Amino acid sequence: MGLKNISPNSVECFNLRLQQKNQELSRVDRSAADAAPNGKILISLTYHSVEEVLVVKILRAAGLPPKDTNGLADPYVKCYLHPDPKKSTKQKTKIVKECLDPEFEEEFRYPVSRGDLRSRTLAITVWDYDWNSANDFIGSVYLGETETGTGHKQFLDCLNLPNIPHTVWHTLGVERRTF
């Protein structure tokens, strides 16, 4: 629909692809990734206020540490929206074989009211898949109102400025929480 076809006082939504901006966000400074021993992850959050759904996009990771004998890793990402005693919010990306800078480009949707979302924490963990033994933990990031740093800021931006994607690089930490 073109702009000339919009009637006065109507509300329309448009999806615009800002190619140059997306390319800038997807690039990571190699020295910054090297300074993060567990690597970094690029996450986009959008809260859709009309649908009451949180959209989490796991875009890519960079500078992941090698976990396999070949000097690489087979990373994948797990997401939970805590508290989640039944693990009903668990989502996983595909496994990217033999890669330390994987591109996931996967989207997860969590139906949740804005009020309920304020008391939740989005837990994102990165793992190395091993077919013959336990998977290796690589790193984590937690996003929520009670978190600190980029996890706090991105979450609040998502809540306070809904219907807009908020894309941020996060340094992966070593913390593994049990909720």
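Bear in mind that the values here come from a model prediction, so they are computed numbers and not experimental data.

Novice: Could you give me a rundown of the pairing of strand 7 (residues 136–144), with the residues and numbers involved?
Specialist: Among the nine residues that make up strand 7, eight are buried, leaving the element largely enclosed by the rest of the structure. Strand direction decides the pairing type here: strand 6 (residues 121–128) and strand 7, joined by eight bridges, are antiparallel. When the bridges of strand 7 are listed, Val126 appears paired with Gly139.

Novice: A description of the sheet that holds strand 7 should follow, citing residues and the corresponding values.
Specialist: With antiparallel pairing, four strands are arranged side by side in an open sheet as 4-3-6-7. What marks the edges here is a single partner per strand, and that holds for strand 4 (91–92) and strand 7. As paired elements, strand 3 (residues 75–82) and strand 4 share two bridges and run antiparallel to each other. Paired with Lys78 across the two strands is Lys92, which belongs to strand 4.

Novice: Could you give me a rundown of the layout of surface pockets, with the residues and numbers involved?
Specialist: Unfilled space is identified by rolling a water-sized probe across the atoms. What the second largest pocket holds in volume is close to 390 Å³. Every residue lining the second largest pocket is counted, 16 residues in all, and those nearest its centre are Tyr80, His82, Arg177, Thr178 and Phe179. For the lining of the second largest pocket, the secondary-structure elements that each account for two or more residues are strand 3, strand 6 and strand 7. Considered class by class, the residues forming the lining of the second largest pocket number eight nonpolar, three polar and five charged.

Novice: Could you give an account of the packing of aromatic side chains, with specific residues and numbers?
Specialist: The geometry of an aromatic ring pair comes down to the distance between the two centres and the angle between the two planes. All told, the structure shown has one aromatic pair when counted by the stated rule. When the ring centre of Trp127 is taken as reference, the NZ or CZ atom of Lys78 above it lies at 4.6 Å.

Novice: Give me the lowdown on the pairing of strand 3, citing residues and values where you can.
Specialist: The buried count for strand 3 comes to eight of eight residues, which makes it a mostly enclosed element. Neither face of strand 3 is exposed, since Pro75, Val77, Cys79 and Leu81 on one face and Tyr76, Lys78, Tyr80 and His82 on the opposite face are all buried. Relative to strand 6, strand 3 runs antiparallel, the two sharing eight bridges. Counterpart to Lys78 in the pairing with strand 6 is Thr125.

The rules behind these values
Residues numbered from 1 in each chain as written. Predicted model: local features only at pLDDT ≥ 70, side-chain atom pairs only at ≥ 80, totals over all residues. Heavy atoms only, no water. Buried < 20%, exposed > 50% of the residue type's maximum accessible area, 1.4 Å probe, protein only. Helix = DSSP H or I, 4+ residues; strand = E, 2+ residues; numbered from the N terminus. Pairing = 2+ DSSP bridges. 1 Å grid on protein atoms, 1.4 Å probe; cavity = no way out; pocket = protein on both sides within 12 Å on 5 of 7 lines; lining within 4 Å. Points joined across faces, edges and corners; volume = space filled by probe spheres on them. Nonpolar A, V, L, I, M, F, W, Y, C, P; charged D, E, K, R; others polar. Phe/Tyr/Trp six-rings, centres within 6.5 Å; stacked < 30°, edge-to-face > 60°. Lys NZ or Arg CZ within 6 Å of the ring centre and 35° of its normal.

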